[in-house]
Amino acid sequence: MRRVVSAFLVLILCALSLIAWPGERVYACSCVDSNAKEKLVTYTSVFTGKVVEIGGGSIFSTEQYKKYTLDVDTAWKGVDAKQMKILINSMGSDSCGTSLVKDQSYLIFAYKNKMDGQLHSNLCSGNLPIEQAGEAIKMMGTGTPVSSDDFRSSSGYRNPWMISLYGGGSVVILALAGRWLWRRKRRKA
């Protein structure tokens, strides 16, 4: 009898603790309505492009994202490469998640995340399949067509770190060769 009373008291204590500390509140996704012209001002990058690659899910904090690579056709704002990579929450519409389909074209509204510095998008961004984006595109005006020639540098290299690496490596090799020649000459003398 004593065990039953003890178990009952523990059960009541657990129930009371749940009432006293209910935990965090959880809200379903709710988006603020805005039109394409307002989004053009608000978002970091706005462009149309075709999904050419979908990366696997990876976990950042408590949300799951997929990395999408899009081949950009037209840019309105914030495009610095022919292929743009964006992270999209893929947790479902209740968590503001959405997904894109490979080989389909979209109008994309993306923002730069302050935590990781990468472009992100979600359900509230209002990305549209290109077939449904006519009115939004008309509202934003004519964008700039994008080609891969727009992003090539005169040296052919796109990454400044690689140029530094090759240049630094060349300097080190020349210094070692010069020292070897100097020591060799000194030994002969």
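Note that residues are indexed from 1 along each chain, following the sequence as it is written. Owing to the predicted nature of the model, reporting of local features is limited to residues with pLDDT of at least 70; listing and counting of side-chain atom pairs is limited to 80 or more, with chain, interface and lining totals taken over all residues. Note: side-chain values were computed over all heavy atoms of the structure, leaving out hydrogens and water.

Comments concerning the pattern of salt bridges
Thought 1: Any Lys or Arg side-chain nitrogen located within 4 Å of an Asp or Glu carboxyl oxygen qualifies as a salt bridge. Under the counting rule described, the total for this entry stands at 1 salt bridge.
Thought 2: Ionic pairing is found between Lys82 and Asp71, a salt bridge with its closest N-O pair at 3.7 Å. Of the two residues, Lys82 sits in the loop between strand E2 (63-77) and strand E3 (83-89) while Asp71 sits in strand E2, which places them 11 residues apart along the sequence.
Thought 3: Assessed through its relative accessible area of 24%, Asp71 is described here as partly exposed. Put simply, DSSP marks the helices as runs of H or I at least four residues long and the strands as runs of E at least two long, and each gets a number from the N terminus on. Three exposure classes are used, based on accessible area relative to the maximum for each residue type with a 1.4 Å probe and protein chains only: buried under 20%, partly exposed in between, and exposed over 50%.

A look at the nonpolar core
Thought 1: Buried Ala, Val, Leu, Ile, Met, Phe, Trp, Tyr and Cys residues that are joined via side-chain atoms within 4.5 Å together make up what is termed a nonpolar core. Within the largest apolar cluster, 17 residues are counted, with the highest numbers of intra-cluster contacts made by Phe47, Tyr68, Leu70, Met84, Ile86, Leu100 and Ile108.
Thought 2: Per-element tally for this core: the top contributor is E2, with 4 residues.
Thought 3: Residue contacts follow a heavy-atom distance rule, with two residues in contact if any of their heavy atoms lie within 4.5 Å. Setting aside its immediate chain neighbours within four residues, Leu70 contacts Phe47, Gly49, Lys50, Val51, Val52, Lys82, Gln83, Met84, Ile86 and Ile108.

Notes on the confidence of the model for the protein chain
Thought 1: Note: pLDDT gives the predictor's confidence per residue, expressed from 0 to 100. The pLDDT averaged across the protein chain works out to 80; a share of 78% of its residues lies at or above 70.
Thought 2: Of all the helices and strands in the protein chain, helix H1 (residues 2-20) carries the lowest mean pLDDT, 71, while strand E4 (residues 105-112) carries the highest, 94.
Thought 3: Low pLDDT, under 50, characterises residues 153-157; the predicted model gives this stretch 3 contacts beyond four residues in sequence or across chains.

Quick notes on unusual backbone geometry
Thought 1: A positive phi is found at Asp103, a non-glycine position, where the angle reads about 70 degrees.
Thought 2: When you line up the elements, Asp103 lands in the loop between E3 and E4.

Notes on the side chain of Lys82
Thought 1: For Lys82, a relative accessible area of 17% translates into the label buried.
Thought 2: N or O atoms closer than or at 3.5 Å make up a polar contact, with two conditions inside protein: a donor-capable atom paired with an acceptor-capable one, and, for residues adjacent in sequence, both atoms drawn from side chains. There is a polar contact of 2.4 Å between the side chain of Lys82 and the backbone oxygen of Val72.
Thought 3: A polar contact of 3.3 Å, which involves the side chain of Lys82, links it to the backbone oxygen of Val146.

Quick word on the pairing of E3
Thought 1: Burial within E3 is extensive, with 5 of its 7 residues counted as buried.
Thought 2: Here, strands pair whenever DSSP counts at least two bridges between them. With 2 bridges joining them, E3 and strand E5 (residues 119-121) adopt parallel strand pairing. Across the sheet, residue Leu87 finds its bridge partner in E5, namely His120.

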